[in-house]
Amino acid sequence: MHMLSRKKPSSITIEFSCGNYYKIPSCLFSISDLEYLQIERCIISLPRQFEGFKQLTVLNLKYFSSTDSDINNLISSCPRLNTLRLKYFKGINRLRIQAQALQVLEVKGSFEDFHLHAPNLSNVYVTLNKTKVADRSKNYMMQAFVSLTGIEALVMKRCMVALPQMFEGFKRLSVLNLKYIYSTDADIANLISCPWLKTLHLKYFEGISCLRIQAPALQHLEVQGNFEDLHLHAPNLLYLTLDKTETEQCDAVAGDKKNYPKEVFVSLTSIEELSINGPSLTYLSEGCLLTKPPGVLDRLRKVLGACSIFRNAPMLRELEIQSFSRPDDSWSQPIWDHDQTEIEEPTLHHLLTATITGFVGLEYEVDLVRLLLRWSPALEELKVVRDDEDVLNDACMCESLTKLLALPRASTKAKIIAI
């Protein structure tokens, strides 16, 4: 290290894969021309005469130990610092980051207090290493981000999202990724309403009952969690993944009661790829999609969904359905529920390929294949991917495959492929 410091390199990487943390000698902090510094499994203790790295642009620290004063002094003493990554640290409780030139920040660790002043920051990634969502009595995270008017991408995990009163929105934000968060209906709706937001991932949240998403520029949306109502206005949305983690009791929406599930699809005139899981289909079919369909999805190319959605996707070309085994006493149940008489069968004129994964040979799976073959005059290939862990014997599977091959087909080109 002493020899290295005399050579005055511009880039240094120090990594140890095992053993005790290595204490960085004070001579390293005297290299004034250092531009890149990456340290892993080390102890960082600044010397009293430390004057800062005046040329440093990238600082990556991982699996390290330090103190509040040393790490804060190190960061603030780098006037040209552009990229900062702090991961899996010890000894730091109050993290204060002051960096005028900082554009990319990634923090992954456990701390109590967080203060941030970086007016030029454009990308932020923050993860709190806790098994539960961060302490709800504290709101240091969003307070720190209020002044980040130029931020373009924000990723937060295991955090509390509670907006301060002076929050005016992220005017340039295009990517927002929130995972394992706690928030409220009002705060999350206010945070999402960014005029340039194009990509939104919202997964595993608490405290949100009615999810309101109004984003005119949104193109990619993924929602995975439990909610009661969903309001969605995104006329430019291209890709939607809706994964409701809990199934609610399905009651028909009657009379003048507001029909939020139907309104989810009213503005989706540009949608191209739609992925919906079982509980989400239950939510969307609560007395609306089966009786009065939403707006026509004339650009839809790929969908994981149900009959009522098929009828509104005349350009559908690719279909993928994942099958889950049902209890023994329901194997012989029909594919449709009591609403089947209200469904007008679709004609999938443009459907070319269909795939059913997790196939175990149950009667309702065979019925589904029968319907797809009947609805699809242009179908070229229907692929059945068998479940390797199915509990049915080979004879039963062979019988179901024999039935599939004997099914009538609207398309003379349709091939059934079993894998």
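Residues numbered from 1 in each chain as written. Predicted model: local features only at pLDDT ≥ 70, side-chain atom pairs only at ≥ 80, totals over all residues. Heavy atoms only, no water.

1. Overview of the overall build of the protein chain
Turning to step 1, where the next piece is worked out: The helix and strand inventory of the protein chain stands at 9 helices and 22 strands.
Turning to step 2, where the next piece is worked out: The proportion of buried residues among the 419 residues of the protein chain is 47%.
Turning to step 3, where the next piece is worked out: Taking all contacts inside the protein chain whose residues are at least 6 apart in sequence as the whole, residues at least 24 apart take part in 49%.
Turning to step 4, where the next piece is worked out: Surface accessibility of the protein chain: about 20700 Å² in total, with carbon and sulfur atoms responsible for 47%. (Helix = DSSP H or I, 4+ residues; strand = E, 2+ residues; numbered from the N terminus. Buried < 20%, exposed > 50% of the residue type's maximum accessible area, 1.4 Å probe, protein only. Contact = heavy atoms within 4.5 Å. Areas by Shrake-Rupley, 256 points an atom, 1.4 Å probe, with all protein chains shown as cover.)

2. Quick look at the pattern of salt bridges
Turning to step 1, where the next piece is worked out: For the structure on display, the rule yields 7 salt bridges.
Turning to step 2, where the next piece is worked out: Residue Glu222 is joined to Lys203 by a salt bridge in which the shortest nitrogen-to-oxygen separation is 3.3 Å. Of this pair, Glu222 sits in strand β14 (residues 220–225) while Lys203 sits in strand β12 (residues 199–206), placing them 19 residues apart in sequence.
Turning to step 3, where the next piece is worked out: What makes Glu222 buried here is its relative accessible area of 17%.
Turning to step 4, where the next piece is worked out: In this structure, Lys383 and Glu381 form a salt bridge, with 3.8 Å as the shortest nitrogen-oxygen distance. (Salt bridge = Lys/Arg side-chain N within 4 Å of Asp/Glu carboxyl O.)

3. A few points about the packing of aromatic side chains
Turning to step 1, where the next piece is worked out: Counted according to the given criterion, the structure contains 10 aromatic pairs.
Turning to step 2, where the next piece is worked out: Between the aromatic rings of Phe29 and Phe50, the centroid separation amounts to 5.8 Å while the plane-to-plane angle is 90°, which identifies the pairing as edge-to-face. Linking Phe29 in the loop between β2 (22–23) and β3 (36–43) with Phe50 in the loop between β3 and β4 (58–65), this pair joins segments that are 21 residues apart in sequence.
Turning to step 3, where the next piece is worked out: With relative accessibility at 11%, the residue Phe50 sits in the buried group.
Turning to step 4, where the next piece is worked out: Consider the rings of Phe167 and Phe170, whose centres lie 5.2 Å apart with planes at 80°: the pair is edge-to-face. With respect to burial, Phe167 and Phe170 carry one shared label: buried.
Turning to step 5, where the next piece is worked out: One aromatic cluster is present, built from ring pairs that chain together Phe64, Phe89, Phe111 and Phe114.
Turning to step 6, where the next piece is worked out: The ring of Tyr180 has Arg158 lying over it, and the distance from NZ or CZ to the ring centre is 4.4 Å. (Phe/Tyr/Trp six-rings, centres within 6.5 Å; stacked < 30°, edge-to-face > 60°. Lys NZ or Arg CZ within 6 Å of the ring centre and 35° of its normal.)

4. So, the environment of Ser77
Turning to step 1, where the next piece is worked out: The topology assignment puts Ser77 in the loop between α2 (68–76) and β5 (83–90).
Turning to step 2, where the next piece is worked out: By relative accessible area, which is 13% here, Ser77 ends up buried.
Turning to step 3, where the next piece is worked out: When the C-alpha positions of Ser77 and Gln98 are compared, they lie 9.0 Å apart, and in sequence the two are 21 residues distant.
Turning to step 4, where the next piece is worked out: Residues contacting Ser77, with those up to four places away along its chain left out, are Phe50, Gly52, Phe53 and Lys54.

5. Details of helix α4 (residues 185–192)
Note: α-helices contain 3.6 residues per turn, so residues at a spacing of three or four share the same orientation.
Turning to step 1, where the next piece is worked out: Asp187, Ile188, Leu191 and Ile192 are the residues of α4 that are buried. The arc that holds every buried residue of α4, seen down its axis, measures 125°, which confines them to one face. (Arc of directions from axis to C-beta.)

6. Regarding the confidence of the model for the protein chain
Turning to step 1, where the next piece is worked out: Averaged over all residues, the pLDDT of the protein chain equals 82, while 77% of them reach at least 70.
Turning to step 2, where the next piece is worked out: Confidence drops under a pLDDT of 50 for residues 287–294, and excluding neighbours within four residues, the segment shows 23 contacts in the predicted structure. (pLDDT = per-residue confidence, 0-100.)

7. Regarding the environment of Tyr182
Turning to step 1, where the next piece is worked out: Tracing the chain through its elements places Tyr182 in strand β11 (residues 175–182).
Turning to step 2, where the next piece is worked out: Residue Tyr182 is classed as partly exposed on the basis of its relative accessible area, which comes to 21%.
Turning to step 3, where the next piece is worked out: Along the backbone, Tyr182 and Ile208 are 26 residues apart, and their C-alpha atoms lie at a distance of 7.9 Å.

8. Digging into the pairing of β12
Turning to step 1, where the next piece is worked out: Here β11 pairs with β12 via 7 bridges, running parallel. Bridge assignment links Tyr182 to a residue of β12, and that residue is Glu206.
Turning to step 2, where the next piece is worked out: A crossover connection joins β11 to the parallel β12 through α4; in handedness this β-α-β unit is right-handed.
Turning to step 3, where the next piece is worked out: Pairing analysis gives 5 bridges linking β12 to β14, with the strands arranged parallel. (Pairing = 2+ DSSP bridges. Right-handed = clockwise from strand over helix to strand, strands pointing away.)

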